Amino acid sequence: LGLMFALVKLAGEYGVHLVESLFWRQLAGLPVVIVWLWSLGKLGDIYTQNPLAHALRGILGLSSMSLNFTAMIMLPMAEATTISFATPVFATMLAALLLGEQTGKYRWGAIALGFAGVLLAMRPVSLAGHGIGPWVALAGALLTSCVFIQIRRMSVSENAGAIVFWFSLSTLAPLGVGMIFFAQNHDAVGWSLIAGLALCGAVAQLLLTSAMRHAPVAAIATMDYSSLIWSVLFGYFIFNDMPGPGTWFGAPIIIIAGLVIMWREHTVAKAKINKA
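Residues numbered from 1 in each chain as written. Predicted model: local features only at pLDDT ≥ 70, side-chain atom pairs only at ≥ 80, totals over all residues. Heavy atoms only, no water.

When its secondary structure is counted, the protein shows 13 helices and zero strands. Each helix and strand of the protein, ordered N terminal to C terminal, gives the series α-α-α-α-α-α-α-α-α-α-α-α-α. Taken over C-alpha atoms, the radius of gyration comes to 19 Å for the protein, in line with the 19 Å a tight globule of 276 residues would show. By principal-axis analysis of the C-alpha atoms, the protein measures approximately 60 × 50 × 30 Å. Split into buried and exposed, the 276 residues of the protein put 46% on the buried side. About 14,000 Å² of surface is accessible on the protein, with carbon and sulfur atoms providing 71% of the total. (Helix = DSSP H or I, 4+ residues; strand = E, 2+ residues; numbered from the N terminus. Rg over C-alpha atoms; globule rule 2.2 N^0.38 Å. Buried < 20%, exposed > 50% of the residue type's maximum accessible area, 1.4 Å probe, protein only. Areas by Shrake-Rupley, 256 points an atom, 1.4 Å probe, with all protein chains shown as cover.)

See below:
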């Protein structure tokens, strides 16, 4: 994913339109999903009786992806990644407010801590020169958390295969219309960047899906914070960007808040299993 976002940023600087990056990213992901389901013998899982739920998931998913890609283009990679870490904080809050999930003092405390970290990362000094970029990144984190809530709702009646397949397929329709207006002819460098980001996105999707089969969600989610390392490295060596003080101070606080939320969810889930 770190490589994909670096290539998205490079492509944007090279003149590749956002719609193009999104279209080829989603198009490359669709055969990966089909092959993955076929290898598991679960192609039948794509059948659904709830198309409206998939449509809403597609709208939320495409909107959040558009905002996250835009934020990565507008901001230094480390800053965009740091603000995206607010996603589990937003998701925990929305789960309590929209799904009625019980959220005790530990998780509410972590939510408050996470927002304090976001404020540090987005302090006025850090915002200088970035325009609306930080707000785009924050909106992307909020919408990504909405995607998590929608998936949690759908998981009650829908298979994971159906959720992934219909997201990939449904987003290609509006993106295909967008390509009529924004598709361009590119030179070898432009097409190489597009192919690279599409391939990295497809491989990342396959790796994340496979990871879910071999490790607990909490462990996988924790590894997501390593993306800050790659963002700093790619930002420095490719774009000559160094994170500002807001990122250095805000990122550890947001990460700690996210880890507390994951620890608490794991503890509560384990207690429920032991009671059962």
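Having seen it, we continue.
It is worth spelling out the nonpolar core at this point. In terms of nonpolar packing, the biggest core is built from 51 residues, with M4, F69, M77 and L228 touching the most fellow members. When residues no more than four places from it in sequence are discounted, the contact partners of M4 are R25, F69, L197, C200 and G201. (Core = buried A, V, L, I, M, F, W, Y, C linked by side-chain atoms within 4.5 Å. Contact = heavy atoms within 4.5 Å.)

As a further point, take the environment of I261. Secondary-structure assignment places I261 in helix α13 (residues 245-275). Not counting residues within four places of it along the chain, the set of residues in contact with I261 comprises P88, V89, T92, R107 and A110.

Before going further, it helps to examine helix α9 (residues 160-182). With 23 residues, α9 should cover 33 Å at 1.5 Å per step; its first-to-last C-alpha distance of 32 Å lies within 8% of that length. A bend of about 30° at A173 is the largest found in α9, and the proline P174 appears one to four places after it. (Expected span 1.5 Å × (residues − 1). Bend = angle between axes of the 7 residues up to and from the residue.)

Moving on to unusual backbone geometry. A positive phi angle, close to 60°, is found at N240, a residue other than glycine. Mapped onto the elements, N240 comes out in the loop between α12 (227-239) and α13.

A word on the packing of helix α5 (residues 87-98) against helix α8 (residues 133-154). As a packed pair, α5 and α8 sit with axes 8 Å apart at the nearest point and diverge in direction by 50°. Considered as vectors, α5 and α8 are oriented oblique to each other. In this structure, α5 meets α8 at a crossing whose hand is right-handed. The residues of α8 that touch α5, namely those facing T87, F90, A91, L94, A95 and L98, are L138, A141, L142, T144, S145, C146, F148, I149, R152 and R153. When grouped by side-chain class, the residues that make up the contact of α5 with α8 number eleven nonpolar, three polar and two charged. (Axes fitted to C-alpha atoms, helices over the stretch in contact; angles between N-to-C directions. Parallel < 35°, antiparallel > 145°, perpendicular 65-115°, else oblique. Left-handed = near helix turned anticlockwise from the far one by under 90°. Nonpolar A, V, L, I, M, F, W, Y, C, P; charged D, E, K, R; others polar.)

Okay, the packing of aromatic side chains next. Scanning the entire structure with this criterion turns up eight aromatic pairs. Ring geometry for F90 against F115: centres 5.3 Å apart, planes inclined by 65°, an arrangement best described as edge-to-face. Here F90 is found in helix α5, whereas its partner F115 is found in helix α6 (residues 105-121), with 25 residues between them in sequence. Looking at F115, the relative accessible area reads 26%, which means it is partly exposed. Centroid distance Y106 to W263: 5.7 Å. Interplanar angle 85°. Geometry classified as edge-to-face. In this pair, Y106 sits in helix α6 while W263 sits in helix α13, placing the two residues 157 residues apart along the sequence. The exposure class of W263 is partly exposed, given its relative accessible area of 45%. Here the aromatic cluster, defined as three or more aromatic residues joined through ring pairs, consists of F23, W24 and W191. In this structure, R57 is placed above the aromatic ring of F167, and the distance from its NZ or CZ to the ring centre is 3.9 Å. (Phe/Tyr/Trp six-rings, centres within 6.5 Å; stacked < 30°, edge-to-face > 60°. Lys NZ or Arg CZ within 6 Å of the ring centre and 35° of its normal.)

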